[in-house]
Amino acid sequence: MMLSRRTFLKGTTAAAVATVSTAPFMWPRGGWAQGTVKIGILHSLTGTIAIAEASVVDAEKLAIEEINASGGVMGRKIETIVEDGASDWPTFAEKARKLLDRDKVAAIMGCYTSASRKATLPVVERSKGLLYYPTYYEGLEQSPNIMYTAQEATQSVIAAVNWLAQHKGKSFYLIGSDYIWPRTTNKIAKPTIEKAGGKVLGEDYIPLGNVEFASVINKIKAQKPEVILSTVVGGSNVAFYKQLQAAEINGKNQALLALAVSEEEASGIGTENLEGFLSCMGYFQSLKGGSNDKFVKAFKAKYGGNRVVGDTLECGYISVYLWKMAAEKAKSFDVPAVVAASSELEIDAPEGKVKFHKLNHHLWKHARIGSFRKDGQIDMIYESPLIEPNPFPKI
Amino acid sequence: MSFDIAVMQAFNGLSLFTVLALMALGLAIIFGLMGVINMAHGELMAMGAYTTYLTAVVFERLAPTLLSVYLPIAVVLAFTVTFAFGLGLERSFIRFLYHRPLDTMLATWGLSLILQQSFRSLFGPREVGVPSPSWLRGAWQPMGGISIPLSRLFIIGLTVVVGCALYRLLFATRWGLRIRAVTQNRAMSGAVGIDTARVDAVTFAIGSGLAGVAGSAFTMFASTGPVTGQQYIVDTFIVVVFGGVESLLGTFLSAFTIAQMQSWLEFMLTGSMAKASILLCVIVALYFRPAGLFAAKVRR
């Protein structure tokens, strides 16, 4: 019997359709594909936020490479799929959908801004995927499908305010960029300051990307606060510190603590403009300890000696390991099993031993305060005990 | 408010005025002459800023002792680079889009995205650090409690120099005469033998060069990164549109008005509220005077 072209096409198309439509049932998430398991990385490589996010990808790739070199996860090598969120929130949602539904990744490491996470959240929940989120953020969120590996607001700001009130002074000036994270952070900061016996002399928000700080600096000069608490982010920081320096406000004559300036931003701001100012983070590159030495050395070996690491990079790095450990503990790549195994999972991270909370998907973390050196590195001067994550604080 | 704060606040207004004027001059002459809305103006500023950065790096490597004098050289280089780029751009791209204002807007916006991504690929996504020469760090303190940042004095000086040079160019040279003639009546200028295409090209290049100078100067107080241009472009447009698109004097007056409003409002309200109030004022003003506050009265 001759097979006509038409019947042949019909037959193969039907077969293809059948395969595709049944695919989700035949292949569980993670794919059986010969000895590999897929991980998606979803950050902005282009657009305005690439400034902060692009380097997190490097840290996550480093972790994956290390895991593969030591035999993979349960004998399977990790296959990495990198997608570019392009600093555009709908793109994040779309790419997350692609990673989960088409590529069937076992987990996604991704997102930086809260806006991108909020856009990705419904997609991850609907597809019952798993997202590791490595950025310090404002809290007020808990999804069954997201693991939060950086500090939420209470873990940094409360410790920072209490330390400042005790060591630097009781009158505060709050300045931040005008969006959700600084405003939420200051909402937690204000009652904490009052509880510590201090008072807030002024609170100021400037538009994102603003580079004109002269009037704000005059306001600060008029109020003479003992402490400035800054939640300014991004390119505005460069302008802020340059103009403070020009107005003769510096680390020697003013206590200023920044909640969003890490070692990574230092060279762009100009290290001479930052010297002596304080930073509060969960991790500093200068931390002592074996696993941090190993991490910093491996990072520099792979990406170059002049690269620096900061808090978000470290959180991205441990995210991959936390996923690996949870999967091995659960002996499965299934999302509910991995999530269940994550409860109280402890890791010896570059930032020290940290562990997941029993229930709320956030990590118990140290808050660390350090002072900027002339070379842009940070010397730690205070370390809190492990702080319980509390994404929904009652204030 | 105490006396010294008032003095510094008055200085802020003056400083912001020169910053805004320097930003807007280039855009204003391009807009005025050709009606081209150059959305890539901010990226030309970023190009000037990166030129400054490169100059600083070269000086640091080759002649660290001369680092204190690199800035004036960088400003001139920034002008040269952006002037050349502007000339090339006009000849190869913009001139085909005259009389199609919407298309030029879209095309130059696309160009701005391309430039942003090129900066990102070339210099990395993070801001680069441009060192301030030692004589521009810190502040001048004429009396106790008052401190005037030196970098701001530098920008004021630079704006005065650029403003005077531009004035001389427009009102005391042959080229200036041609530019003004074409701005006023393109058809008639062509009829009396002025090569309007050349005038367009040179003016566009000068406008681009001015953007480069502004970008170079602003490295002293702001950031240098791939999206630096975006931080300036909105303010620049507000100044030009508010002032009226066809008069340089209007641009200066509008920059002055907006600068004063902004610095005092920022002092009394928060930064965000100040910005919002200014936008509101501009909208109201444009409602009553659609051609801008200080539009030149030209017969059409």
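A quick note: this is a predicted structure, and the numbers were derived from the prediction, not measured.

Chemist: Looking at this model, I keep getting lost on the nonpolar core. Mind explaining?
Modeler: Side chains that are nonpolar tend, in soluble globular proteins, to be buried together. In this structure, A:Leu130, A:Tyr132, A:Leu229, A:Tyr241, A:Leu257, A:Trp323 and B:Phe218 are the most contacted members of the largest nonpolar core, which totals 179 residues. The biggest single contributor to this core is helix α1 (residues 3-34) of chain B, with 16 residues. Those residues in contact with B:Phe218, other than ones at most four positions away along the chain, are B:Val19, B:Leu22, B:Met23, B:Met45, B:Ile155 and B:Tyr232. With 18 residues, the next largest nonpolar core counts A:Ala93, A:Leu100, A:Ile108 and A:Leu121 among its residues.

Chemist: Please explain the sheet that holds strand β1 (residues 36-43) of chain A as it appears in this structure.
Modeler: Backbone-to-backbone hydrogen bonds pair the strands of a sheet. The strands run either parallel or antiparallel. All names here are of chain A. Pairing is parallel in the open sheet, where 5 strands are placed in the order β2-β1-β3-β4-β5. For this open sheet the edge positions go to β2 (77-84) and β5 (146-148), each flanked by a neighbour on one side alone. The average angle at which neighbouring strand axes cross in this sheet is 25°, direction not considered. As defined by bridge partners, strand β4 (residues 131-133) adjoins β5 across 3 bridges and the pair is classed as parallel. Among the inter-strand pairings, Leu 131 is bridged to a residue of β5, identified as Ile 146.

Chemist: What exactly am I supposed to notice about the sheet that holds strand β12 (residues 352-356) of chain A here?
Modeler: Reading across the sheet, the 3 strands line up as β11-β12-β13 (chain A) and stay open at both edges, with antiparallel pairing between neighbours. The open sheet has two free edges, formed respectively by β11 (346-349) and β13 (363-364) of chain A, since each of these has just one partner strand.

Chemist: In this structure, what is going on with the confidence of the model for chain A? I would like to understand it.
Modeler: Chain-level statistics for chain A give a pLDDT mean of 88 and a share of 91% at 70 or above. The model gives residues 11-33 of chain A a pLDDT under 50, and that stretch makes 17 contacts with residues more than four places away or in other chains.

Chemist: Looking at this structure, how should I read the interface of chain B and chain A?
Modeler: Quite often, the size of an interface is put as the accessible area lost when its parts meet. Listed per partner, the contact involves 38 residues of chain B and 40 residues of chain A. Both faces considered, chain B and chain A share a buried interface measuring about 3,100 Å² in area, 50% of it formed by carbon and sulfur atoms. Summed over the three residues of chain B that lose the most area to chain A, namely B:Arg126, B:Glu127 and B:Glu266, the buried surface amounts to 20% of that side. Along the contact surface separating chain B from chain A lie 1 salt bridge. One salt bridge in this structure joins A:Glu212 and B:Arg152, with 2.9 Å as the shortest N-O distance. Summed over the shared surface of chain B and chain A, the number is 17 residue pairs in polar contact (both at pLDDT 80 or more). Those elements giving two or more residues to the side of chain B that touches chain A turn out to be α1, α4 (101-123), α5 (150-172), α9 (228-243), α10 (248-268) and α11 (271-288) of chain B. The biggest single contributor to the side of chain B that touches chain A is α1(B), with 5 residues. Residue composition of the side of chain B that touches chain A, by class: 15 nonpolar, 16 polar and 7 charged.

Chemist: How should the side chain of B:Ser189 be read in this particular structure?
Modeler: Looking at the secondary structure, you find B:Ser189 in helix α7 (residues 186-191). Among all residues touching B:Ser189, those that are not within four sequence positions of it are B:Ala181, B:Val182, B:Ile194 and B:Thr196.

Chemist: What should I look at first to understand the environment of A:Glu314 in this one?
Modeler: All names here are of chain A. Mapped onto the elements of the fold, Glu 314 is located in helix α12 (residues 311-330). Remark: the alpha-carbon pair of Glu 314 and Val 227, spanning 87 residues in sequence, is separated by 28 Å. Residue contacts for Glu 314: discarding those within four places in its chain leaves Tyr 283, Phe 295, Ala 349, Pro 350 and Glu 351.

Chemist: Just to check I follow, could you spell out the packing of aromatic side chains for this structure?
Modeler: The way to describe two aromatic rings as a pair is by their centre distance and the angle between their planes. Tallied over the full model, the rule gives 27 aromatic pairs over all chains. Judged by centre distance (5.2 Å) and plane angle (55°), the ring pair of B:Phe218 and B:Tyr232 falls under tilted. Of this pair, B:Phe218 sits in helix α8 (residues 196-218) while B:Tyr232 is found in helix α9, placing the two residues 14 residues apart along the sequence. Exposure remark for B:Phe218: the relative accessible area of 0% places this residue in the buried category. Classification of B:Tyr232 by relative accessible area gives buried; the value is 2%. By way of ring pairs, the aromatic residues A:Tyr283, A:Phe295, A:Phe299, A:Tyr303, A:Tyr317 and A:Tyr321 are connected into one cluster. Taking NZ or CZ as reference, A:Arg117 lies 4.6 Å from the ring centre of A:Tyr133, over its face. A:Arg183 extends its terminal NZ or CZ atom over the ring of A:Tyr205, reaching a point 4.1 Å from the ring centre.

Chemist: Which parts of the structure should I look at to understand the pairing of β1(A)?
Modeler: A regular strand places its side chains so that they alternate between the two faces of the sheet. Residue and element names in this part refer to chain A. Summarising burial for β1: 6 of the 8 residues are buried, a large majority. For β1 and β2, the ladder comprises 8 bridges, and the chain directions are parallel. Residue Lys 38 lies in a different strand from β2, and its bridge partner there is Glu 79. Taking the sense of rotation as the criterion, the β-α-β connection linking β1, helix α2 (residues 50-69) and β2 turns out right-handed. Pairing between β1 and strand β3 (residues 107-110): 4 bridges, direction parallel. Residue pairing in the sheet places Leu 42 in a bridge with Gly 110 of β3.

Chemist: Is there a simple way to think about the pattern of salt bridges in this case?
Modeler: Residues and elements named next belong to chain A. Under the definition given, this model contains 23 salt bridges over all chains. Its salt-bridge partner being Lys 118, residue Glu 141 comes within 2.8 Å of it at the nearest N-O pair. Residue Glu 141 is located in the loop between β4 and β5, and its partner Lys 118 is located in helix α4 (residues 114-126); the two are separated by 23 residues in the primary sequence. Under the relative-accessibility criterion, Lys 118 is labelled partly exposed at 40%.

Chemist: How should the confidence of the model for chain B be read in this particular structure?
Modeler: Low-pLDDT portions of the prediction should not be read for the details of their coordinates. Per-residue confidence for chain B gives a mean pLDDT of 86; residues scoring 70 or more make up 97%. Per-element confidence in chain B ranges from a low mean pLDDT of 81 for strand β1 (residues 139-140) of chain B to a high of 92 for helix α3 (residues 70-92) of chain B.

Chemist: Is there a simple way to think about the packing of α9(B) against α11(B) in this case?
Modeler: Any two packed helices are characterised by how steeply their axes cross, that is the angle between the axes, and by the distance between the axes. Residue and element names in this part refer to chain B. One way to put it is that α9 packs onto α11 with a least axis distance of 11 Å and a crossing angle of 30°. The angle between the axes of α9 and α11 places the two elements in the roughly parallel class. Taken as a pair, α9 and α11 cross one another with a handedness that is left-handed. Of α11, the residues touching α9 (which contributes Asp 235, Ile 238, Val 241 and Phe 242) are Lys 275, Leu 279, Val 282, Ala 285 and Leu 286. Grouping the amino acids of the contact of α9 with α11 by side-chain chemistry returns 7 nonpolar, no polar and 2 charged.

Chemist: Hey, could you run me through a nonpolar patch on the surface in this one?
Modeler: A contiguous nonpolar surface patch, about 310 Å² in accessible area, is contributed by B:Leu66, B:Val69, B:Ile73 and B:Leu77. Classification of B:Ile73 by relative accessible area gives partly exposed; the value is 37%.

Chemist: Looking at this model, I keep getting lost on α11(B). Mind explaining?
Modeler: Note that an α-helix has 3.6 residues per turn; residues three or four places apart therefore point the same way. Residue and element names in this part refer to chain B. Over its 18 residues, α11 extends 26 Å from the first C-alpha to the last, a length consistent with the 26 Å expected when each residue adds 1.5 Å. Considered for burial, the residues of α11 that qualify are Gly 271, Ser 272, Ala 274, Ile 278, Val 282 and Ala 285. In a view along the axis of α11, the buried residues occupy a sector of 165°, so they form one face of it. Projecting away from the buried face of α11 at angles above 90 degrees are the exposed residues Leu 280, Ile 283, Tyr 287 and Phe 288.

Chemist: I'm lost on the packing of helix α7 (residues 214-223) of chain A against α1(B) in this one. Help?
Modeler: Remark: α7(A) packs on α1(B), axes separated minimally by 10 Å, with the N-to-C direction vectors making an angle of 175°. The orientation of α7(A) with respect to α1(B), classified from their angle, is roughly antiparallel. Counted together, A:Ala214, A:Ser215, A:Asn218, A:Lys221 and A:Ala222 of α7(A) and B:Ile5, B:Met8, B:Gln9 and B:Asn12 of α1(B) form the full contact between these two elements. Class assignment of the residues belonging to the contact of α7(A) with α1(B) gives a composition of 4 nonpolar, 4 polar and 1 charged.

Conventions and cut-offs
- Residues numbered from 1 in each chain as written.
- Chains lettered and ligands numbered in written order.
- Predicted model: local features only at pLDDT ≥ 70, side-chain atom pairs only at ≥ 80, totals over all residues.
- Heavy atoms only, no water.
- Core = buried A, V, L, I, M, F, W, Y, C linked by side-chain atoms within 4.5 Å.
- Buried < 20%, exposed > 50% of the residue type's maximum accessible area, 1.4 Å probe, protein only.
- Helix = DSSP H or I, 4+ residues; strand = E, 2+ residues; numbered from the N terminus.
- Contact = heavy atoms within 4.5 Å.
- Pairing = 2+ DSSP bridges.
- Axes fitted to C-alpha atoms, helices over the stretch in contact; angles between N-to-C directions.
- pLDDT = per-residue confidence, 0-100.
- Buried area = accessible area lost by both parts, 1.4 Å probe.
- Salt bridge = Lys/Arg side-chain N within 4 Å of Asp/Glu carboxyl O.
- Polar contact = N/O pair within 3.5 Å; in protein donor to acceptor, adjacent residues only side chain to side chain.
- Nonpolar A, V, L, I, M, F, W, Y, C, P; charged D, E, K, R; others polar.
- Phe/Tyr/Trp six-rings, centres within 6.5 Å; stacked < 30°, edge-to-face > 60°.
- Lys NZ or Arg CZ within 6 Å of the ring centre and 35° of its normal.
- Right-handed = clockwise from strand over helix to strand, strands pointing away.
- Parallel < 35°, antiparallel > 145°, perpendicular 65-115°, else oblique.
- Left-handed = near helix turned anticlockwise from the far one by under 90°.
- Patch = residues over 30% accessible without salt bridge, like charges linked within 9 Å, V, L, I, M, F, W, Y side chains within 5 Å.
- Areas by Shrake-Rupley, 256 points an atom, 1.4 Å probe, with all protein chains shown as cover.
- Expected span 1.5 Å × (residues − 1).
- Arc of directions from axis to C-beta.

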